[in-house]
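# Working through the structure, step by step
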Amino acid sequence: MPQTLEHRRRSWHQSIQMQLAFLLLAIITGVVTSFGMYQYRETRADSLEELRQIEEVMKARLGEYLVFPIWNMNFELLERTILSEMKEKRVYAILIKEVNSSNILQGKVRNSDWQPVEPTGEISGDLLVSQQDIFKDGEQIGAVEMYLTTRFMRERLRYEIEKTILTVIVLDFALLFALSIALRRLLIRPIQQILQLAK
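Residues numbered from 1 in each chain as written. Predicted model: local features only at pLDDT ≥ 70, side-chain atom pairs only at ≥ 80, totals over all residues. Heavy atoms only, no water.

## So, the pairing of strand β2 (residues 104–110)
Regular strands place their side chains on alternate faces of the sheet. For β2, the tally of buried residues reaches 6 of 7 residues, placing the bulk of the element in the interior. Inspection of the sheet shows strand β1 (residues 91–97) paired to β2 by 5 bridges, in the antiparallel sense. The residue of β2 that forms the bridge with isoleucine 94 is lysine 108. Here β1 hands over to β2 after 6 residues, with asparagine 100 in that stretch at a positive phi of 50°. In this structure, β2 lies alongside strand β3 (residues 116–117), joined through 2 bridges in antiparallel fashion. (Buried < 20%, exposed > 50% of the residue type's maximum accessible area, 1.4 Å probe, protein only. Helix = DSSP H or I, 4+ residues; strand = E, 2+ residues; numbered from the N terminus. Pairing = 2+ DSSP bridges.)

This is the structure:
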């Protein structure tokens, strides 16, 4: 009979610990996960906005800088202009084309080592594509196609997800450890002492 009573007391203590632990873990996990999702959305929106700003700046700049080399068929200057723009690592490819034609006057695309090389085929992938027509004295003399990669945005978002998961795991373990100590000192021991005095 005493063993049965003692067993019930231990089961009751463990039940209190488990209920409080699960409750606090659920709260902490929910709060951190919600914050992580918010950070993910904010990071994604900021990264896309950065890409759009780069795109607009490039369109304005190339729309001006490419007039002279296209008009004079200065291929060396066209190449130097492209390479200068591709110092921005998020620029995946730039193609300068003739008017109303798929013929490429000059172009560069990233290889597997992320170095600019001559294009050899169709450009595909998770890319933001835009085009800027080139005019001289109101007449179109060419067009430039710009391809921006989302590769680095995806890497940044993956890092945010990994950081959130790691934060949840660390906080949950720390909470379990702290809760175990706190419950023993602040709740379980006082209750045990009261029960002993009541005998």
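We are not done yet, so read on.
## Re the pattern of salt bridges
A pair can form between side chains of opposite charge whenever their charged atoms are brought close. Scanning the model with the defined rule gives 12 salt bridges in all. A salt bridge links glutamate 50 to arginine 156; its shortest N-O distance comes to 3.9 Å. Of this pair, glutamate 50 sits in helix α1 (residues 2–65) while arginine 156 sits in helix α4 (residues 151–198); the two residues are 106 residues apart in sequence, bridging distant segments of the chain. We classify arginine 156 as partly exposed; its relative accessible area is 36%. Notably, a salt bridge pairs glutamate 160 with lysine 163, separated by 3.6 Å at the nearest N-O pair. Placement of the pair is glutamate 160 and lysine 163 together in helix α4, with a separation of 3 residues, close to one helical turn. Among the ionic contacts, a cluster of salt bridges with common partners joins Glu50, Glu88, Arg90 and Arg156. (Salt bridge = Lys/Arg side-chain N within 4 Å of Asp/Glu carboxyl O.)

## Quick look at the side chain of glutamate 85
Following the sequence through the fold, glutamate 85 ends up in helix α3 (residues 75–85). Under the relative-accessibility criterion, glutamate 85 is labelled buried at 7%. Polar side-chain contacts of glutamate 85 include one of 2.7 Å to the side chain of arginine 61. (Polar contact = N/O pair within 3.5 Å; in protein donor to acceptor, adjacent residues only side chain to side chain.)

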